[in-house]
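# A closer look at the structure
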Protein chains: 2
Amino acid sequence: MTGRLYVVGTGPGNPDQMTPEAARAVADSAEFFGYFPYIDRLSLRPDQKKVASDNREELDRAQAALKRAAEGVNVCVVSGGDPGVFAMAAAVCEAIDAGPAEWRGIDLVVVPGVTAMLAVAARIGAPLGHDFCAISLSDNLKPWAVIEKRLRLVAEAGLVMAFYNPISKARPWQLGKAFEILREVLPAHTPVVFGRAAGRPDERMLVMPLGEADAERADMATCVIIGSPQTRVIAREGRQDLVYTPRFLQAEAT
Amino acid sequence: MTGRLYVVGTGPGNPDQMTPEAARAVADSAEFFGYFPYIDRLSLRPDQKKVASDNREELDRAQAALKRAAEGVNVCVVSGGDPGVFAMAAAVCEAIDAGPAEWRGIDLVVVPGVTAMLAVAARIGAPLGHDFCAISLSDNLKPWAVIEKRLRLVAEAGLVMAFYNPISKARPWQLGKAFEILREVLPAHTPVVFGRAAGRPDERMLVMPLGEADAERADMATCVIIGSPQTRVIAREGRQDLVYTPRFLQAEAT
């Protein structure tokens, strides 16, 4: 009898944004696999064991969790946000796909969560109110040429874009380059949202036009949202400006 | 002193997938504006008033809610899923943008939720594990020519696609036409997920190759996910097949 393997999303980091379903999965698990900062968001019982690891060892972590589940232990693989968006659910599936047949018999339960772009969008208005895409700017995951091609095509398609993994010490230039590419395709007034740590005490929301967008305003905890040509900004006295994309697109806008 | 206007997402419909933050917003509200089925998901107190309305009157509903908030009432505009994804948050912003100046002074709080594509993805594995987009197939919202252009461009970009509003009595042919268009660009084996009522008692998950994808399998409660050329299916004996998109994209795949 194998154990159950939960893959849980904690949400953006505010405990109020983690679902009861995720809390129940945590309560039902004996061992926790994940990146320290995500596991540390959970208040575990003394009998629950943390098996933390570096954030870059996702496949190893997935395999370790599957091995324990195959041994009959209920395990929980922890992601921030939603585990299915640039996170652990895909790593666990990759491990099952390449792993021993018995791993396919493990009771896998992926528990969805509020992913960063939804939390950022909520804090700033409704920038994702019409068609949009989520793109990782990490060229550890794919060649930069693919990212550049995708940026040009989705900009031409008129989709709002949410950038995950926009910048890091190891990837300092990619976001600035993405802004350069998009300035060739999109109007300079296109709103850009820098949404940092949405819903957390250290939250910081910043809106600037694409023409002035500065990659230095982003860090690893930032989700960057690029509007479409239809995206609008509503100025509010004494309050954060609202950014939204209308639900309707008129023919002349095509 | 104006009231507060919450725009809340109930999640996919399973109460366990609604966040504590959303529950708190509901508890703090006196009047509720939304489509019956969404409001009926909430267990309201006798002193809380439902102002239900038809699902096609989103702007009227947003204006009615803003008017009450301006009068000092705490109101809650209710969406299924996440209110920022093809839902009420954009309608409320549109109403504020076009409305009286005092509406900009209303304390607007958008509460994010688990949107349908994340709930469906979690139930089937990790189809959204790499770059993806969300597109509404409703040509009430934009001309069909725009939808067709977007489908071709995002398919060329290699993004996984989640279709919202795939089909309805009033829009019977759009999903079938979308499949036809995508068959011209994507391999016939590309996995297509029909995710109906994810997380609810009447949930139904179905996976078929794009070459055989049949629009009749979808209804208004279905979110359709189209894989990318990298998306894989893992067969599992006695269990639902898993569908996932690997985190890494090799150069030769470009």
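Refer to the structure presented above.
Residues numbered from 1 in each chain as written. Chains lettered and ligands numbered in written order. Predicted model: local features only at pLDDT ≥ 70, side-chain atom pairs only at ≥ 80, totals over all residues. Heavy atoms only, no water.

### Notes on the packing of aromatic side chains
Operational definition: Think of it this way: a Phe, Tyr or Trp ring, Trp meaning its six-membered ring, pairs with another when their centres are within 6.5 Å, and the plane angle makes it stacked under 30 degrees, edge-to-face over 60, tilted otherwise. Secondary structure elements follow DSSP: runs of H or I no shorter than four residues count as helices, runs of E no shorter than two count as strands, and numbering proceeds from the N terminus. Summary of the burial criterion: residues with accessible area below 20% of their type's maximum are buried, those above 50% are exposed, and those between are partly exposed, where the area comes from a 1.4 Å probe applied to protein chains only.
On inspection of all chains with the given rule, the structure shows 10 aromatic pairs over all chains. With a centroid separation of 5.2 Å and 45 degrees between ring planes, the pair formed by Phe86(B) and Tyr164(B) is classed as tilted. Of this pair, Phe86(B) sits in the loop between β4 (75-79) and α4 (88-98) while Tyr164(B) is found in strand β8 (residues 160-164), placing the two residues 78 residues apart along the sequence. Overall, the relative accessible area of 10% leaves Tyr164(B) in the buried class. Note on Phe179(B) and Phe194(B): the rings are 6.0 Å apart at their centroids and 70 degrees apart in plane angle, and the pair reads as edge-to-face. Taken as a pair, Phe179(B) in helix α7 (residues 174-185) and Phe194(B) in strand β9 (residues 191-196) lie far apart in primary sequence, 15 residues in all. With a relative accessible area of 1%, Phe179(B) lands in the buried category. Looking at Phe194(B), the relative accessible area reads 2%, which means it is buried. Joined through ring pairs, the aromatic side chains of Phe86(A), Tyr164(A) and Phe132(B) make up one cluster.

### What to know about the relation of the copies chain B and chain A
How we decide: The atoms used to superpose the copies are C-alpha atoms, taken from residues with pLDDT of at least 70 in both, and the fit is least squares. A contact between two residues is defined here by any heavy atoms of the two lying within 4.5 Å.
Superposing chain B onto chain A takes a rotation of 180 degrees plus a shift of 0.0 Å along the axis, which leaves an RMSD of 0.0 Å. The superposition of one copy onto the other is thereby described by a two-fold rotation axis. Considering only C-alpha atoms, the residue of chain B closest to the rotation axis is Cys133(B), which sits at 1.9 Å. In this assembly, 100% of the residues forming the interface of chain B have copies in chain A that are likewise at the interface, indicating an isologous arrangement.

### So, the pairing of strand β12 (residues 232-236) of chain A
Residues and elements named next belong to chain A. The following threshold applies: If DSSP finds at least two bridges between two strands, the strands pair.
For β12 and strand β13 (residues 239-244), the ladder comprises 4 bridges, and the chain directions are antiparallel. Within β13, the position partnered with Val-233 by the bridge is Val-243. Hairpin connection between β12 and β13: a loop of 2 residues separates the two successive antiparallel strands, and Gly-238 in this loop has a positive phi of roughly 75 degrees.

### Brief notes about the sheet that holds β4(B)
The strands making up a sheet are joined through hydrogen bonds of the backbone, oriented either antiparallel or parallel. All names here are of chain B. We apply this condition: Axes here mean lines fitted to C-alpha atoms, for a helix over just the part in contact, with angles spanning 0 to 180 degrees between N-to-C directions.
If you trace the 5 strands from one edge of the open sheet to the other, you get β3-β2-β4-β1-β5, paired in parallel fashion. With partners counted over all chains shown, the strands left at the sheet margins are β3 (49-53) and β5 (107-111), one partner each. Within this sheet the neighbouring strands show an average axis-to-axis angle of 20 degrees, counted without direction. Pairing of strand β2 (residues 31-35) with β4, which is carried by 4 bridges, proceeds in the parallel orientation. Bridged to Gly-34 within β4 is Val-78. Sheet strands touched by helix α3 (residues 58-70): β1 (4-9), β2, β3 and β4. Its angle to β2, the strand with the most contacts, is close to 175 degrees.

### Here's the deal with the interface of chain B and chain A
Heads up, the condition is: Here the buried area means the combined drop in accessible surface, using a 1.4 Å probe, for two parts upon being joined, counting both sides. By definition, a salt bridge exists where a carboxyl oxygen of Asp or Glu is found within 4 Å of a side-chain nitrogen of Lys or Arg. For this analysis, a polar contact is any N or O atom pair within 3.5 Å, provided that within protein one partner can donate a hydrogen and the other can accept it, and provided that sequence-adjacent residues contribute only side-chain to side-chain pairs. Three classes are used, and their members are as follows: Ala, Val, Leu, Ile, Met, Phe, Trp, Tyr, Cys and Pro are nonpolar, Asp, Glu, Lys and Arg are charged, and the others, Gly among them, are polar.
If you look at the interface, chain B gives 75 residues, while chain A gives 75 residues. For the chain B face of the interface with chain A, the top three residues by lost area are Asp131(B), Arg150(B) and Arg247(B), together amounting to 11%. In this structure, Arg239(B) and Asp107(A) form a salt bridge, with 3.7 Å as the shortest nitrogen-oxygen distance. For the pair chain B and chain A, the number of links is 36 residue pairs in polar contact (both at pLDDT 80 or more). Split by residue class, the side of chain B that touches chain A holds 42 nonpolar, 15 polar and 18 charged.

### Things to note about the pattern of salt bridges
All names here are of chain A. By the definition in use, this model includes 44 salt bridges over all chains. Two residues, Asp-202 and Arg-200, come together in a salt bridge whose shortest N-O distance is 3.9 Å. When its relative accessible area of 39% is taken as the criterion, Asp-202 is described as partly exposed. Ionic contacts of the salt-bridge type, sharing partners, join the residues Glu-31, Lys-67, Arg-68 and Glu-71 into one network.

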